[in-house]
Amino acid sequence: MAKSHFSSLLPVALSLFALSACTNDYLSDYEYTVCPEQSILTDPLPQPQSPSAPLSQIGQDAIDGTNRFALDFYRASSKTTGDNIFLSPFSVGNVLGMLANGDDGESRDEILSLLGFEQNEEGLAKLNEYHSILLSNLPNLDDTSCLFTNSVWHDYYIPLYRNFLLAINRSYYAADINLSPKGYMGQEFINQFVRTNTMGLIENFLDRPIDASVAFLNTAYFKGKWETPFDKSFTADDLFLNQDYSESMVPFMNTDIECDYAMAQDGTEAIRLPYGKDGSHFSMILIRPSDQINHVPLDEALDNDNLKQLNAGFSKRSMFVSLPKFDVTYKNDDTMDILKEMGIQKTCDSRVGFPLIVDYKDPFYLDCFIHAGRIIVDEEGTEGASSSIGTGNGAESIVFNRPFCFMIQENTTGAILFIGSVRKL
């Protein structure tokens, strides 16, 4: 099949923020820092240069557990809004995984259970290995940019245990940033850091100062070209039926393509569009709920049984695909409430918390979790040899002209990195 010289770009950025209620009235001679220089605010954090282990070393149990968490977290978040939504469960798992290393009891086990791992030291080791392998492989797979950063921010006189810092640096490549996240200055520092590490897609992550002396921050950035691009000259306006039954006239990208297609027993349909030169490492799965489900209870299309049926049923088809351009911005300052609903309790209890993070009379504990993201799907022209995309006889069609779900996966493992839904355009 011939390929157009136009490329389709998908930039994704996401940031997560976990705050403690530690006070800042404790002085110490503790001076260990990984990133003491202000240049970290203007230069992206370096990515791992080589894999810690091959992706094949990740066990299926780890993928099943974290993907189950991904779907549960998406559905719990979806209940809180009727708008478009965009999340990275993998990024949430990074923050929680770092924190799990700060306890050897109830808080650790709560996180391990939530993410689908055994509630013991062995489970923590497997969780750390899972993140280490993915974080060190994702930036090095192909010409697609898939970049994650982890960091811990703290006042220079708040002492963090060295063993904890070494553990999260080893498994999560986390930077120890000796800058206070508190107040207006901390707000500006963090916003500049997030802006830098999301390539400017998230301009002002914090819209107000925070009152915390220790914070854990994750950023994520993804940018990929479709393996088979859309031709920009075929984009045309058409109607999108919104979740509230209103209609919007929006630009649709149209193409004839050979791609993976599947249908579940309830009529839910899905296609898989790969990224990169050979399409072997990353793909977007687009899921259109069946007419029988109706487009209002959209999340019913994302249950575990449906996804298993779809993943098992993918086969190559000649398809006409019509997909709207979309730009989704999402933010939830109350993500802590969602995590509590999912079973996180001890981690936000000041009497329990994480006693192995800060050397202080009271343990670190969570009292706030902020989650923000943005995804843009559009076309961008590039110069090259002109060609056309042809269709075989009897091609089927799938038109995403009503609310739909999507996710971005790493193909080798099937790990869900990002997930969301478009409900109104």
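Let me begin by describing the structure that accompanies this report. (Residues numbered from 1 in each chain as written. Predicted model: local features only at pLDDT ≥ 70, side-chain atom pairs only at ≥ 80, totals over all residues. Heavy atoms only, no water.)

### A few points about the overall build of the protein
For the protein, the helix and strand inventory stands at eight helices and 15 strands. Out of the 425 residues in the protein, the part that is buried amounts to 58%. Contacts in the protein between residues at least 24 apart in sequence constitute 79% of all its contacts with a sequence separation of at least 6. Surface summary for the protein: the accessible area is close to 16900 Å², and the carbon and sulfur share equals 46%. (Helix = DSSP H or I, 4+ residues; strand = E, 2+ residues; numbered from the N terminus. Buried < 20%, exposed > 50% of the residue type's maximum accessible area, 1.4 Å probe, protein only. Contact = heavy atoms within 4.5 Å. Areas by Shrake-Rupley, 256 points an atom, 1.4 Å probe, with all protein chains shown as cover.)

### Describing the layout of surface pockets
Here the largest pocket is characterised by a volume of approximately 600 Å³. If you list the elements that add at least two residues to the lining of the largest pocket, you get α1 (60-78), β7 (247-263), β8 (269-274), β9 (282-288), α7 (304-313) and β14 (404-410). With six residues, the top contributor of residues to the lining of the largest pocket is α1. (1 Å grid on protein atoms, 1.4 Å probe; cavity = no way out; pocket = protein on both sides within 12 Å on 5 of 7 lines; lining within 4 Å. Points joined across faces, edges and corners; volume = space filled by probe spheres on them.)

### Notes on the environment of Asp260
Residue position: Asp260 is located in strand β7. On a C-alpha basis, the gap between Asp260 and Arg272 in space is 5.2 Å, while along the polypeptide they are 12 residues apart. Here Asp260 is in contact with Ala270, Ile271, Arg272, Phe314, Ser315 and Lys316, once residues within four sequence places are set aside. A distance of 3.0 Å separates polar atoms of two side chains, one belonging to Asp260 and the other to Arg272. (Polar contact = N/O pair within 3.5 Å; in protein donor to acceptor, adjacent residues only side chain to side chain.)

### Digging into the environment of Asp237
On the secondary structure map, Asp237 appears in strand β6 (residues 236-241). Asp237 sits in the exposed class, given a relative accessible area of 54%. Counting along the chain gives 12 residues from Asp237 to Met249, while the straight-line C-alpha distance between them is 6.1 Å.

### Notes on the packing of helix α2 (residues 89-100) against helix α5 (residues 162-172)
The relative placement of two packed helices comes down to the angle between their axes together with the axis-to-axis distance. Taken N-terminus to C-terminus, the directions of α2 and α5 make an angle of 145°; their axes are 9 Å apart at the nearest point. Considering the relative orientation of α2 and α5, their crossing is right-handed. Judged by residue contacts, Asn94, Gly97 and Met98 of α2 engage Phe164, Ile168 and Tyr172 from α5. Looking at the contact of α2 with α5 residue by residue, the classes come out as four nonpolar, two polar and no charged. (Axes fitted to C-alpha atoms, helices over the stretch in contact; angles between N-to-C directions. Left-handed = near helix turned anticlockwise from the far one by under 90°. Nonpolar A, V, L, I, M, F, W, Y, C, P; charged D, E, K, R; others polar.)

### A look at unusual backbone geometry
Not every positive phi belongs to a glycine, and Tyr173 is a case in point at roughly 50°. Along the polypeptide, Tyr173 turns up in the loop between α5 and β4 (175-177). Within the chain, Met199 stands out as a residue other than glycine whose phi angle is a positive 55°. For Met199, the location among the structural elements is in the loop between α6 (183-197) and β5 (214-225).

### Brief notes about the packing of α2 against helix α3 (residues 106-115)
Following both chains from N to C, one finds α2 and α3 inclined at 150°, their axes separated by 9 Å at the closest point. On the basis of the axis angle, α2 is roughly antiparallel to α3. α3 is crossed by α2, and the crossing has left-handed handedness. Taken together, the residues of α3 that come into contact with α2 (itself represented by Gly93, Leu96, Leu99 and Ala100) are Arg108, Ile111, Leu114 and Leu115. Class assignment of the residues belonging to the contact of α2 with α3 gives a composition of six nonpolar, one polar and one charged. (Parallel < 35°, antiparallel > 145°, perpendicular 65-115°, else oblique.)

### Some points on the environment of Ser315
Relative to the helices and strands, Ser315 is located in strand β10 (residues 315-324). Distance from Ser315 to Cys259, taken between C-alpha atoms, is 7.8 Å for residues 56 residues apart in sequence. Residue contacts for Ser315: discarding those within four places in its chain leaves Cys259, Asp260 and Tyr261.

### So, empty space enclosed by the protein
Going through the model one piece at a time under the given rule, you end up with one cavity of 30 Å³ or more. Estimated volume of the largest cavity: approximately 80 Å³. Considering the residues around the largest cavity, the lining is formed by Thr66, Asn67, Phe69, Ala70, Pro89, Phe90, Gly93, Leu115, Tyr130, His131 and Ile416. Going through the elements one at a time, α1, α2 and α4 (121-137) are the ones with two or more residues in the lining of the largest cavity. Per-class residue counts for the lining of the largest cavity are seven nonpolar, four polar and no charged.

### A look at the packing of aromatic side chains
The tally for this structure, following the rule as stated, stands at 20 aromatic pairs. Centre to centre, the rings of Phe86 and Phe418 are 5.7 Å apart; their planes meet at 10°, and the pair counts as stacked. You can see Phe86 sitting in strand β2 (residues 85-87) and its partner Phe418 sitting in strand β15 (residues 416-422), a full 332 residues away along the chain. When its relative accessible area of 0% is taken as the criterion, Phe418 is described as buried. Between Phe222 and Phe282, the ring centres sit 5.5 Å apart and the planes meet at 80°, which makes this aromatic pair edge-to-face. Placement of the pair is Phe222 in strand β5 and Phe282 in strand β9, with a sequence separation of 60 residues. Given a relative accessible area of 0%, Phe222 falls into the buried group. Note on Phe282: relative accessible area 0%, which makes it buried. Seen from the ring of Phe314, Arg272 lies directly overhead, with NZ or CZ sitting 4.3 Å from the centre. (Phe/Tyr/Trp six-rings, centres within 6.5 Å; stacked < 30°, edge-to-face > 60°. Lys NZ or Arg CZ within 6 Å of the ring centre and 35° of its normal.)

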